[in-house]
Amino acid sequence: MSYVNDVLSDVIRRNPGEAEFHQAVTEVLQSLEPVVEKNPLYQKNGILERMVEPNRAILFQVPWVDDQGVVRVNKGYRVQFNNAIGPYKGGLRLHPSVNLGIIKFLGFEQVFKNSLTGLPIGGGKGGSDFDPKGKSDREVMAFCQSFMTELYKYVGKDTDVPAGDIGVGAREIGYLYGQYKRITGLYEGVLTGKGLTYGGSLARKEATGYGLVYLMEEMLSARGKSFAGKRVVISGSGNVAIYAAEKATQQGGLVVAMCDSTGWIYDEKGVDLDAVKEIKEVKRGRLRLYKDYRPQAEYHEDGVIWDVPCDIALPCATQNELHLDHAQTLIKNGVIAVGEGANMPTTPDAAHAFQQAGVLFAPGKAANAGGVATSALEMSQNSLRLSWTFQEVDQRLKGIMVNIYHQMDQAAQKYGMKDNYIAGANIAGFTKVADTMVAHGVV
Ligand code: NDP
């Protein structure tokens, strides 16, 4: 058995029932095989064993009272995965599907993603099985205050800096920040994705979606291609999806389809983003309302968005949303590039099918790193007590995404896997963290 296989079988044996975590670790470790073979120091220092075990996993109860006066209890999580290169950093997810395995998979991925940004941030993730959908503002506030009443003990501007993710946007970050300030008396950059009136960064809201398109543009331009004139399909209609659609449109692409968890829209003239923003960001409604704005568009609850023919597909909703049969349809319909805005949205067999078919495939840990990179820029601005302009932040974001593309491209080539960006991103992200862990000794 190789070192990688030993560690992998241990992970599966010691973390039963955590399917998403197994999937993420398997994908990363398998692509690291040539790297650990070439660098025996990694095995000698137990780097893989230490990387697959979170430094700390905090599980807590989140009690709150709903609008009917009924006491509710949710599960709260914060997994501090690895802080070799900087404070733990990663979002909080509020969704009924959240469990420890999902938070661990996200935290594990975050370590490599954060390393790829070139900024000094370690990896972590957290969240709860609380569902903000259909809750009143007061209920969301009660939940967030209770969540922070436990979480504040473990976070801080130099130790662990959470942010948003699915179900956590400006409203939730505001309530969480308010409670942190109230309990600790500290006015510090303990969270990112904050409102602009209390330390938030311009362009943070746009960053993940914009960053995804910047990286895809660089990857396409290396082949003499671009977004201009391309048909684009984007799953999701949340933070990442909306701003990916906005930037793809600015770059000359035509976004023809988007979805939410109930259905999908097809608008052959190009999706009206103002309508989507109003439905999702203002009304917090369902995408079926889109037909009220554009009666000529289609709305479907059957079938899948990946049946829509396109040149570029950007899965931006959630994990494992794009399966092998979807990939086969996309390939048959002539897709040339796929970029993961969400975390692990493509199943491993689907990702493999894209690569086999010569479709450019950008994995999430590289392609969606713009959000956390801009969060790190928000931390810098908070430390400096300064606010940069939108253009300044956007320019830095673009530079970071271009650099991530070249890092993964070069790492893939160095290990004889040209154009395999899954391996390239894993290797480039891993090397910096692993070398730092070797330098720090066994701690
Ligand atoms: P949001 O909550 O803003 O949006 C999520 C979107 O995906 C919504 O449209 C939601 O539909 C849809 N969705 C969620 N679950 C499902 C499902 N099971 N099937 C179909 N659609 C679904 O989240 P974000 O946009 O912030 O995050 C999306 C993805 O991007 C996640 O994987 C997240 O981890 C990742 N990511 C986010 C970053 C950020 O900065 N926000 C940074 C890096 C990665 P509905 O409205 O019906 O709930």
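None of these values were measured; they are calculated from a predicted model.

When you go through the chain residue by residue, the secondary structure sums to 17 helices and twelve strands. Computed over its C-alpha atoms, the radius of gyration of the chain comes to 21 Å, within 12% of the 22 Å expected for a compact globule of 443 residues. Expressed as lengths along the three principal axes of its C-alpha atoms, the size of the chain is roughly 65 × 55 × 45 Å. Expressed as a percentage of its 443 residues, the buried residues of the chain come to 57%. In the chain, of all internal contacts separated by at least 6 residues, the share reaching a separation of at least 24 is 71%. On the chain, roughly 17400 Å² of surface is accessible, and the fraction owed to carbon and sulfur atoms is 51%.

Inspection of the region around the ligand gives 25 residues, with D165, T208, S261, R286 and N343 positioned closest. In the environment of the ligand, an oxygen atom lies 3.0 Å from a nitrogen or oxygen atom belonging to the side chain of K133. A distance of 3.0 Å separates an oxygen atom of the ligand from a polar backbone atom of V240. Summarising the interface, the protein chains cover 83% of the accessible area of the ligand, which totals 890 Å² for the free molecule. Of all the secondary structure elements, the ones that give two or more residues to the shell around the ligand are α8 (204-221) and α9 (239-250). In terms of residue class, the shell around the ligand is built from six nonpolar, eleven polar and eight charged.

This next bit is on the packing of aromatic side chains. The full count for this structure, using the stated rule, is 15 aromatic pairs. Chaining the aromatic ring pairs together yields one cluster made of F60, W64, F130, F143 and F147. Taking the ring centre of Y210 as reference, the NZ or CZ of K247 above it sits at 4.4 Å. Residue placement shows R396 over the ring face of W388; its charged tip is 4.0 Å from the ring centre.

Packed helices, taken two at a time, are described by the angle between their axes plus the distance between the axes. At a minimum axis separation of 11 Å, α9 and helix α10 (residues 273-282) run at an interaxial angle of 165 degrees. Taken together, α9 and α10 sit at an angle that is classed as roughly antiparallel. Taken as a pair, α9 and α10 cross one another with a handedness that is left-handed. Touching I242, Y243, A245 and E246 of α9 are L273, V276, K277, K280 and E281, all from α10. Each residue belonging to the contact of α9 with α10 can be placed in one class, and the counts come to five nonpolar, no polar and four charged.

For the rest of this paragraph, the subject is the pairing of strand β1 (residues 56-65). Here β1 runs beside strand β2 (residues 71-82); their pairing, made up of ten bridges, is antiparallel. By the bridge assignment, I58 is partnered in β2 with R78. Hairpin geometry of β1 and β2 is characterised by an intervening segment of five residues between the two adjacent antiparallel strands and by a positive phi of about 85 degrees at G69.

The next subject is the pattern of salt bridges. Applying the stated criterion across every chain, the model contains 23 salt bridges. Salt-bridge contacts for K365 lead to E109; the nearest nitrogen and oxygen are separated by 3.4 Å. Here E109 lies in helix α5 (residues 100-116) and K365 lies in helix α14 (residues 364-367), a separation of 256 residues in the sequence. A relative accessible area of 2% means that K365 is categorised as buried. Residues D137 and R171 are paired through a salt bridge, measuring 2.7 Å at the closest nitrogen-oxygen approach.

For the rest of this paragraph, the subject is unusual backbone geometry. In this structure, N320 is a non-glycine residue whose phi angle is positive, near 55 degrees. Assignment of secondary structure puts N320 in the loop between β10 (312-315) and α12 (324-332). Residue N320 is classed as partly exposed on the basis of its relative accessible area, which comes to 22%. You will see that M344, though not glycine, has its phi angle at about 50 degrees, which is positive.

Moving on, we come to the state of the cysteines. Inspection of the entire model under this criterion finds zero disulfides. Cysteine C316 is unpaired, with the sulfur of C259 as its nearest cysteine sulfur at 9.4 Å. With a relative accessible area of 7%, C316 lands in the buried category.

With that settled, the discussion passes to the sheet that holds strand β6 (residues 231-235). Spatial ordering of the open sheet is given by β9-β8-β7-β6-β10-β11-β12, a layout of seven strands whose pairing is mixed. The strands lining the two open edges of the sheet, one partner per strand, are β9 (298-300) and β12 (360-362). In this sheet, adjacent strand axes meet at a mean angle of 15 degrees when their direction is disregarded.

Next up on the list: the pairing of strand β4 (residues 123-128). Of all six residues that make up β4, six are buried, and the element is covered over most of its length. Alternating positions in β4 separate into two faces, G123, K125 and G127 on one and G124, G126 and S128 on the other, with burial throughout. Looking at chain direction, β2 and β4 are connected through six bridges and run antiparallel. In the sheet register, R78 faces β4, and the bridge partner there is G126. Where strand β3 (residues 88-94) lies against β4, three bridges are found, and the strand directions are parallel.

Tracing the chain through its elements places H300 in strand β9. Taking relative accessible area as the criterion, H300 reaches 26% and is therefore assigned partly exposed. Measuring from C-alpha to C-alpha, the distance between H300 and L287 comes to 9.9 Å, with 13 residues separating the pair along the chain. In contact with H300, not counting residues within four places along its chain, are G263 and W264. Of note is the side chain of H300, whose polar atom sits 2.7 Å from the side chain of E298.

About the thresholds
Residues numbered from 1 in each chain as written. Predicted model: local features only at pLDDT ≥ 70, side-chain atom pairs only at ≥ 80, totals over all residues. Heavy atoms only, no water. Helix = DSSP H or I, 4+ residues; strand = E, 2+ residues; numbered from the N terminus. Rg over C-alpha atoms; globule rule 2.2 N^0.38 Å. Buried < 20%, exposed > 50% of the residue type's maximum accessible area, 1.4 Å probe, protein only. Contact = heavy atoms within 4.5 Å. Areas by Shrake-Rupley, 256 points an atom, 1.4 Å probe, with all protein chains shown as cover. Near = heavy atom within 4 Å. Polar contact = N/O pair within 3.5 Å; in protein donor to acceptor, adjacent residues only side chain to side chain. Nonpolar A, V, L, I, M, F, W, Y, C, P; charged D, E, K, R; others polar. Phe/Tyr/Trp six-rings, centres within 6.5 Å; stacked < 30°, edge-to-face > 60°. Lys NZ or Arg CZ within 6 Å of the ring centre and 35° of its normal. Axes fitted to C-alpha atoms, helices over the stretch in contact; angles between N-to-C directions. Parallel < 35°, antiparallel > 145°, perpendicular 65-115°, else oblique. Left-handed = near helix turned anticlockwise from the far one by under 90°. Pairing = 2+ DSSP bridges. Salt bridge = Lys/Arg side-chain N within 4 Å of Asp/Glu carboxyl O. Disulfide = S-S within 2.5 Å.

Functional significance is not addressed by these values, which are geometric in nature.
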